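# A structural walkthrough
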Amino acid sequence: MALFGKPKYTIVRLKKKDIPEGLWTKCEECSETLYNKTLEENLKVCPKCNYHFILTAYERVNLLIDRDSFEEYDKDMISADPLDFRGPKTYKEKLLADKEATGLKDAVISGSGLLDNKKVIIAVTDSRFIMGSMGSVVGERITRAIESATKNKLPLIIVSGSGGGARMYEGLYSLMQMSKTCAALAYHKAAKLLYVSVLTNPTMAGVMASFAGVGDIIVAEPKALIGFTGPRVIEQTIRQKLPAGFQRSEFLLEHGLIDMITCRKDLKSALSKLFDYFC
Ligand SMILES: [Zn+2]
């Protein structure tokens, strides 16, 4: 293009303070600037590229459970600090900061409710609270929810949104939750009851390696990051480049780890159909 010289563009530089806060969100996948109200109306899914933004645990319950039917279990259960953990921040400080930031007491909520008029037990982890990691409160609330489903002969849904796995601040107490939740699920299975695990972005590490990975049916949202160790660590360990889309829902569906991918707007009706069919 030397003949015509360089095209002349006017560069408009916007200072950050010129953009009103809280009105717009930039899509993490396609970088489109989205009006927050439009994004909310679209269930926090980018209308341009179908990127599924993270939902809070209560937003997820509102999405799946019939209005006013959710009864929360173990609302006031809070974490102890068995190791008296001290790092850049103590565990107590971290818990307090995330409680204030999210309004949650820990990284999971659980309870019973109706899904299209069918009674179910549901637990949802929230990746905003210490990355949705599994400490003793998360493990205990999930275990009690599973036991309630077994006792009342009800199907169970656990929606995972957990970038962290075991919660290092609780050491061994945290690791124990993996076997505890899975043992409770084994009793639920022995009673011939249905457990649907819903994997959302992200579901990783100890959560994926325990209750999230053992659903009778495993449903995932599109393009969710699902796995055990993060891709960078695996690449460094095996010294090989990983295939494109590795650890994303679509790749895992193709390789048989998950059973179906369902868009957020269709998730409730898909679960409802599964319960009609299997329960
Ligand atoms: Zn997008």
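This text goes with the structure placed above it.
Residues numbered from 1 in each chain as written. Predicted model: local features only at pLDDT ≥ 70, side-chain atom pairs only at ≥ 80, totals over all residues. Heavy atoms only, no water.

## Considering the pattern of salt bridges
Counting across every chain of the model gives 20 salt bridges. A salt bridge links Asp84 to Lys92; the shortest N-O distance between them is 3.7 Å. One salt bridge connects Asp266 with Lys265, and the closest N-O pair in it is separated by 3.4 Å. Since its relative accessible area comes to 33%, Asp266 is described here as partly exposed. On the basis of relative accessible area, Lys265 is assigned to the exposed category, the value being 62%. (Salt bridge = Lys/Arg side-chain N within 4 Å of Asp/Glu carboxyl O. Buried < 20%, exposed > 50% of the residue type's maximum accessible area, 1.4 Å probe, protein only.)

## Details of the coordination of the zinc ion
Protein coordination of the zinc ion is provided by Cys27 (SG), Cys30 (SG), Cys46 (SG) and Cys49 (SG), with donor distances spanning 2.3 Å. Of note is the zinc ion, whose 4 donor atoms meet at the metal with angles of 107 to 112 degrees in an arrangement that counts as tetrahedral. Written as a sequence motif, the donor residues of the zinc ion are C-x2-C-x15-C-x2-C. You can see Cys30 sitting in the loop between strand 1 (24-26) and strand 2 (33-35) and its partner Cys49 sitting in the loop between helix 1 (36-41) and helix 2 (57-64), a full 19 residues away along the chain. (Donors = N, O, S within 2.8 Å, 3.2 Å for Na, K, Ca; no water. Tetrahedral: all angles 85-135°; square planar, octahedral: opposite > 155°, others 65-115°. Helix = DSSP H or I, 4+ residues; strand = E, 2+ residues; numbered from the N terminus.)

## As for unusual backbone geometry
Asn201 connects to Pro202 through a cis peptide bond whose omega is -10 degrees. In this structure, Ala205 takes a positive phi of about 55 degrees despite not being glycine. With respect to the element layout, Ala205 can be found in helix 6 (residues 205-208). Unlike most non-glycine residues, Arg239 shows phi in positive territory, near 50 degrees. With respect to the helices, strands and loops of the structure, Arg239 is situated in the loop between helix 7 (231-238) and helix 8 (249-254).

## Details of the sheet that holds strand 7 (residues 195-203)
Read across the open sheet, the 7 strands follow the order 3-4-5-6-7-8-9; overall the sheet is mixed. At either margin of the open sheet sits one strand with a lone partner, and together these are strand 3 (71-72) and strand 9 (260-261). Sheet topology note: the strand 3/strand 4 (residues 108-115) ladder contains 2 bridges and is antiparallel. Along strand 4, the bridge assignment pairs Glu72 with Gly111. Of the strands in this sheet, strand 3, strand 4, strand 5 (118-125) and strand 6 (156-162) are in contact with helix 4 (residues 136-151), which crosses strand 4 at around 25 degrees. (Pairing = 2+ DSSP bridges. Contact = heavy atoms within 4.5 Å. Axes fitted to C-alpha atoms, helices over the stretch in contact; angles between N-to-C directions.)

## What to know about the packing of aromatic side chains
This structure, assessed with the given rule, holds 6 aromatic pairs. For the pair Tyr51 and Phe53, a centre-to-centre distance of 5.1 Å together with 85 degrees between the ring planes defines the contact as edge-to-face. Residue classification places Phe53 among the buried residues on the basis of a relative accessible area of 8%. With a centroid separation of 5.7 Å and an interplanar angle of 75 degrees, the aromatic rings of Phe246 and Phe251 are classed as edge-to-face. (Phe/Tyr/Trp six-rings, centres within 6.5 Å; stacked < 30°, edge-to-face > 60°.)

## Quick look at empty space enclosed by the protein
Scanning the entire structure with this criterion turns up 1 cavity of 30 Å³ or more. What the largest cavity holds in volume is close to 70 Å³. Along the walls of the largest cavity sit 13 residues, with Leu55, Arg60, Thr125, Gly161 and Thr200 positioned nearest its centre. At the level of secondary structure, the elements contributing two or more residues to the lining of the largest cavity comprise strand 5, strand 6 and strand 7. If you tally residues by element for the lining of the largest cavity, the top one is strand 6, at 3 residues. Tallied by class, the residues present in the lining of the largest cavity amount to 4 nonpolar, 7 polar and 2 charged. (1 Å grid on protein atoms, 1.4 Å probe; cavity = no way out; pocket = protein on both sides within 12 Å on 5 of 7 lines; lining within 4 Å. Points joined across faces, edges and corners; volume = space filled by probe spheres on them. Nonpolar A, V, L, I, M, F, W, Y, C, P; charged D, E, K, R; others polar.)

## Focus on the pairing of strand 6
Strand 6 sits mainly inside the fold: 7 of its 7 residues count as buried. Strand direction decides the pairing type here: strand 5 and strand 6, joined by 4 bridges, are parallel. Note on strand 6: the bridge partner recorded for Ala123 is Ile158. In this view, the connection linking strand 5 to its parallel neighbour strand 6 by way of helix 4 has right-handed handedness. Two elements, strand 6 and strand 7, share 6 bridges in a ladder whose sense is parallel. Across the sheet, the residue bridging to Ser160 is Leu199, located in strand 7. Handedness of the β-α-β unit built from strand 6, helix 5 (residues 172-190) and strand 7 comes out right-handed. (Right-handed = clockwise from strand over helix to strand, strands pointing away.)

Read these as spatial facts, not as claims about activity.
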